Amino acid sequence: MADFAPKLKKLLLAAKCQPLRPGKGDHEIWRSPLSAHPFSVDSKIKSRHTANAVLKAAGLPKHF
């Protein structure tokens, strides 16, 4: 299975999103300049649907 987290984090950084702090477990809390709400990013994302849901929470279009 593929791990989408490294590619996802590169896309988020390219879109000027910033990691704010560690979350519970192996999650991180990020902020996007496009969305008003913080969102969480898991360090091990195995599903493209989850990766696309994180992009949606950041206000970005689907990529996976």
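These numbers were taken from a predicted model, which means no experiment stands behind them. (Residues numbered from 1 in each chain as written. Predicted model: local features only at pLDDT ≥ 70, side-chain atom pairs only at ≥ 80, totals over all residues. Heavy atoms only, no water.)

Q: So what's going on with the pattern of salt bridges? Which residues, and what values?
A: Scanning all chains against the criterion turns up two salt bridges. Across the pair Glu 28 and Lys 9 runs a salt bridge, and its minimum N-O distance is 3.6 Å. Here the residue Glu 28 occupies a position in strand E2 (residues 27-31), and Lys 9 occupies one in helix H1 (residues 5-14), the gap between them amounting to 19 residues. Overall, the relative accessible area of 26% leaves Glu 28 in the partly exposed class. The shortest N-O distance in the salt bridge between Asp 26 and Lys 44 comes to 3.8 Å. Here Lys 44 lies in the loop between strand E3 (39-42) and helix H2 (48-57) and Asp 26 lies in the loop between strand E1 (18-22) and E2, a separation of 18 residues in the sequence. When its relative accessible area of 31% is taken as the criterion, Asp 26 is described as partly exposed. Assessed through its relative accessible area of 52%, Lys 44 is described here as exposed. (Salt bridge = Lys/Arg side-chain N within 4 Å of Asp/Glu carboxyl O. Helix = DSSP H or I, 4+ residues; strand = E, 2+ residues; numbered from the N terminus. Buried < 20%, exposed > 50% of the residue type's maximum accessible area, 1.4 Å probe, protein only.)

Q: Explain the packing of aromatic side chains to me, and be specific about the residues and the numbers.
A: One pass over the structure, following the stated rule, counts one aromatic pair. On the numbers, 5.2 Å between centres and 70° between planes, the contact of Phe 4 with Phe 64 is edge-to-face. Of this pair, Phe 4 sits in the segment before H1 while Phe 64 sits in the segment after H2; the two residues are 60 residues apart in sequence, bridging distant segments of the chain. (Phe/Tyr/Trp six-rings, centres within 6.5 Å; stacked < 30°, edge-to-face > 60°.)

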